[in-house]
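Single-letter residue listing:
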Amino acid sequence: MTVIDTAPLGVANPSSTTTIHLSGEIDIFSSAALRRQLLNTLHYSTSLLVIDLSQVSFCDAGGLAVLVGIQHRARPMGITLALRAPRPFMARLLRITGLDRGLPMVA
């Protein structure tokens, strides 16, 4: 799993969206590192944190738990977490689990 942050640490422009691009597999082996990186991102994120899933090749329950957990941490901070461009398998996984109703999608 690779995380590419479009804003350098501590330099996010409050008037723009903070976007994180994920690639690879989000599974039991990468979930802890992803959680740490996303929690760090919350500290300098703008009011909208977008996670781009277009390059994610696999996601298990641990990966979904990270997304939900980050959303729960973001809300009290006034940050909306949204997902962008999930591949068909990921969109189906979000739909089957009902997370598509709780995690907003952006174009």
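Treat the numbers as computed from the prediction; the structure is a model and nothing was measured.

Observations regarding unusual backbone geometry
A positive phi is found at Ala-85, a non-glycine position, where the angle reads about 55°. Note that Ala-85 resides in the loop between strand 4 (80-84) and helix 3 (88-97). A residue is classified by how much of its surface remains accessible, and Ala-85, at 36% relative accessible area, is partly exposed.

Quick word on helix 1 (residues 31-42)
For helix 1, built from 12 residues, the straight-helix expectation of 16 Å at 1.5 Å per residue is met to within 8% by its first-to-last C-alpha distance of 16 Å. Along helix 1, the positions that sit buried rather than exposed are Ser-31, Leu-34, Leu-38, Thr-41 and Leu-42. The buried residues of helix 1 occupy one face: seen down the axis, they fall within an arc of 100°.

Here we look at the environment of Ser-47
Here Ser-47 shows up in the loop between helix 1 and strand 3 (48-59). Here the alpha-carbon distance between Ser-47 and Leu-81, two residues 34 residues apart in the chain, equals 8.6 Å. In this structure, Ser-47 is in contact with Gly-78, Ile-79 and Thr-80, ignoring residues within four places of it in sequence.

A short note on the environment of Ala-91
Positionally, Ala-91 belongs in helix 3. In this structure Ala-91 comes out as partly exposed when scored by relative accessible area, which is 26%. For the pair Ala-91 and Leu-53, spaced 38 residues apart in sequence, the C-alpha to C-alpha distance is 9.7 Å.

Re the side chain of Asp-52
Mapped onto the secondary structure, Asp-52 falls in strand 3. A polar contact of 3.4 Å, which involves the side chain of Asp-52, links it to the side chain of His-21. Within the structure, Asp-52 has its side chain in polar contact with the side chain of Ser-54 (distance 2.6 Å). Excluding residues within four positions of it along the chain, Asp-52 makes contact with Ile-20, His-21, Leu-22, Arg-84 and Ala-85.

Some details on the pairing of strand 4
With five bridges joining them, strand 3 and strand 4 adopt parallel strand pairing. Along strand 4, the bridge assignment pairs Ile-51 with Leu-83. With respect to chirality, the unit in which strand 3 leads through helix 2 (residues 61-74) into the neighbouring parallel strand 4 is right-handed. Strand direction decides the pairing type here: strand 4 and strand 5 (residues 105-106), joined by two bridges, are parallel. Bridge pairing in strand 5 links Leu-83 to Met-105. In this fold, strand 4 hands off to helix 3, which returns the chain to strand 5; that crossover is right-handed.

Rules of the game
- Residues numbered from 1 in each chain as written.
- Predicted model: local features only at pLDDT ≥ 70, side-chain atom pairs only at ≥ 80, totals over all residues.
- Heavy atoms only, no water.
- Helix = DSSP H or I, 4+ residues; strand = E, 2+ residues; numbered from the N terminus.
- Buried < 20%, exposed > 50% of the residue type's maximum accessible area, 1.4 Å probe, protein only.
- Expected span 1.5 Å × (residues − 1).
- Arc of directions from axis to C-beta.
- Contact = heavy atoms within 4.5 Å.
- Polar contact = N/O pair within 3.5 Å; in protein donor to acceptor, adjacent residues only side chain to side chain.
- Pairing = 2+ DSSP bridges.
- Right-handed = clockwise from strand over helix to strand, strands pointing away.

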